[in-house]
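What follows is the residue order along each chain.
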Amino acid sequence: MRLIKLKEVMDCTGLARSTIYKFISEDSFPKPVPLGERAVAWIEGEIQEWILERIALRDGSTTTKPNQ
(Lines give C-alpha, C1' and ligand atoms only; values in the text may rest on other atoms or scores of the structure.)
Protein backbone atom coordinates (compact mmCIF):
# COMPACT_ATOMS: atom_id res chain seq x y z
CA MET A 1 0.00 0.00 0.00
CA ARG A 2 1.34 3.39 -0.97
CA LEU A 3 0.20 6.90 -0.05
CA ILE A 4 0.42 9.61 -2.68
CA LYS A 5 0.27 13.38 -2.30
CA LEU A 6 -2.09 15.77 -4.09
CA LYS A 7 0.28 16.59 -6.95
CA GLU A 8 0.56 12.92 -7.90
CA VAL A 9 -3.22 12.48 -7.60
CA MET A 10 -3.63 15.43 -9.95
CA ASP A 11 -1.08 13.95 -12.37
CA CYS A 12 -2.75 10.51 -12.32
CA THR A 13 -6.30 11.75 -12.79
CA GLY A 14 -5.80 14.88 -14.86
CA LEU A 15 -8.04 16.73 -12.40
CA ALA A 16 -7.38 20.11 -10.84
CA ARG A 17 -7.12 20.52 -7.06
CA SER A 18 -10.49 22.27 -6.85
CA THR A 19 -12.20 19.51 -8.85
CA ILE A 20 -10.72 16.80 -6.62
CA TYR A 21 -12.04 18.50 -3.49
CA LYS A 22 -15.42 19.15 -5.17
CA PHE A 23 -15.72 15.44 -5.99
CA ILE A 24 -14.72 14.56 -2.41
CA SER A 25 -17.47 16.81 -1.05
CA GLU A 26 -19.93 15.05 -3.39
CA ASP A 27 -18.72 11.62 -2.13
CA SER A 28 -17.65 10.68 -5.66
CA PHE A 29 -13.87 10.57 -5.09
CA PRO A 30 -11.71 8.77 -2.51
CA LYS A 31 -11.20 10.71 0.70
CA PRO A 32 -7.67 11.62 1.76
CA VAL A 33 -5.89 10.11 4.76
CA PRO A 34 -4.80 12.70 7.33
CA LEU A 35 -1.03 12.60 7.95
CA GLY A 36 -0.74 15.54 10.29
CA GLU A 37 -2.32 18.89 11.07
CA ARG A 38 -1.93 20.20 7.54
CA ALA A 39 -0.92 17.18 5.49
CA VAL A 40 -3.01 14.58 3.69
CA ALA A 41 -2.40 11.84 1.16
CA TRP A 42 -4.47 9.35 -0.81
CA ILE A 43 -4.22 5.59 -1.00
CA GLU A 44 -2.81 4.89 -4.46
CA GLY A 45 -4.97 1.80 -4.96
CA GLU A 46 -8.16 3.76 -4.29
CA ILE A 47 -7.18 6.35 -6.90
CA GLN A 48 -6.40 3.63 -9.44
CA GLU A 49 -9.74 1.96 -8.67
CA TRP A 50 -11.55 5.30 -9.18
CA ILE A 51 -9.86 5.69 -12.57
CA LEU A 52 -10.89 2.16 -13.59
CA GLU A 53 -14.48 2.91 -12.54
CA ARG A 54 -14.48 6.00 -14.76
CA ILE A 55 -13.21 3.92 -17.68
CA ALA A 56 -15.91 1.30 -17.03
CA LEU A 57 -18.57 4.02 -17.03
CA ARG A 58 -17.25 5.31 -20.34
CA ASP A 59 -17.32 1.83 -21.85
CA GLY A 60 -20.76 0.99 -20.47
CA SER A 61 -19.38 -1.81 -18.30
CA THR A 62 -20.70 -2.55 -14.81
CA THR A 63 -17.54 -4.33 -13.65
CA THR A 64 -13.94 -3.23 -13.59
CA LYS A 65 -11.13 -5.48 -14.67
CA PRO A 66 -7.68 -4.30 -13.54
CA ASN A 67 -4.71 -4.61 -15.90
CA GLN A 68 -6.74 -4.69 -19.10
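In the block above lies the structure referred to throughout.
Presented here is a report on the structure given in the accompanying data block. These numbers come from a predicted model, not from an experiment.

Rules and cut-offs
Residues numbered from 1 in each chain as written. Predicted model: local features only at pLDDT ≥ 70, side-chain atom pairs only at ≥ 80, totals over all residues. Heavy atoms only, no water. Helix = DSSP H or I, 4+ residues; strand = E, 2+ residues; numbered from the N terminus. Buried < 20%, exposed > 50% of the residue type's maximum accessible area, 1.4 Å probe, protein only. Contact = heavy atoms within 4.5 Å. Areas by Shrake-Rupley, 256 points an atom, 1.4 Å probe, with all protein chains shown as cover. Pairing = 2+ DSSP bridges. Axes fitted to C-alpha atoms, helices over the stretch in contact; angles between N-to-C directions. Parallel < 35°, antiparallel > 145°, perpendicular 65-115°, else oblique. Left-handed = near helix turned anticlockwise from the far one by under 90°. Nonpolar A, V, L, I, M, F, W, Y, C, P; charged D, E, K, R; others polar.

Turning to the overall build of the chain, a few remarks are in order. Helix and strand content of the chain: three helices and three strands. Among the 68 residues that make up the chain, the fraction classed as buried is 25%. Partitioning the intrachain contacts of the chain with sequence separation of at least 6 by distance along the chain shows that 39% fall at a separation of at least 24. For the chain, the exposed surface amounts to about 5,100 Å²; the carbon and sulfur share of it is 52%.

When a strand is regular, its side chains alternate between the sheet's two faces. Sheet analysis places strand 1 (residues 3-4) next to strand 3 (residues 40-43), joined by two bridges and oriented antiparallel. Residue pairing in the sheet places L3 in a bridge with I43 of strand 3. In the sheet, strand 2 (residues 33-34) pairs with strand 3 via two bridges, with the strands oriented antiparallel. The residue of strand 3 that forms the bridge with P34 is V40. Taking the residues between adjacent antiparallel strands as the criterion, strand 2 and strand 3 are bridged by five residues.

The geometry of helix 1 (residues 6-13) relative to helix 3 (residues 44-59) is characterised by a closest axis approach of 11 Å and an angle of 20° between their N-to-C directions. Judged by the angle between their axes, helix 1 and helix 3 are roughly parallel. Crossing of helix 1 against helix 3: the hand is right-handed. Taking contact as the criterion, the partners of E8, V9, C12 and T13 in helix 1 are, on helix 3, E44, I47, W50 and I51. In the contact of helix 1 with helix 3, the residues fall into five nonpolar, one polar and two charged.

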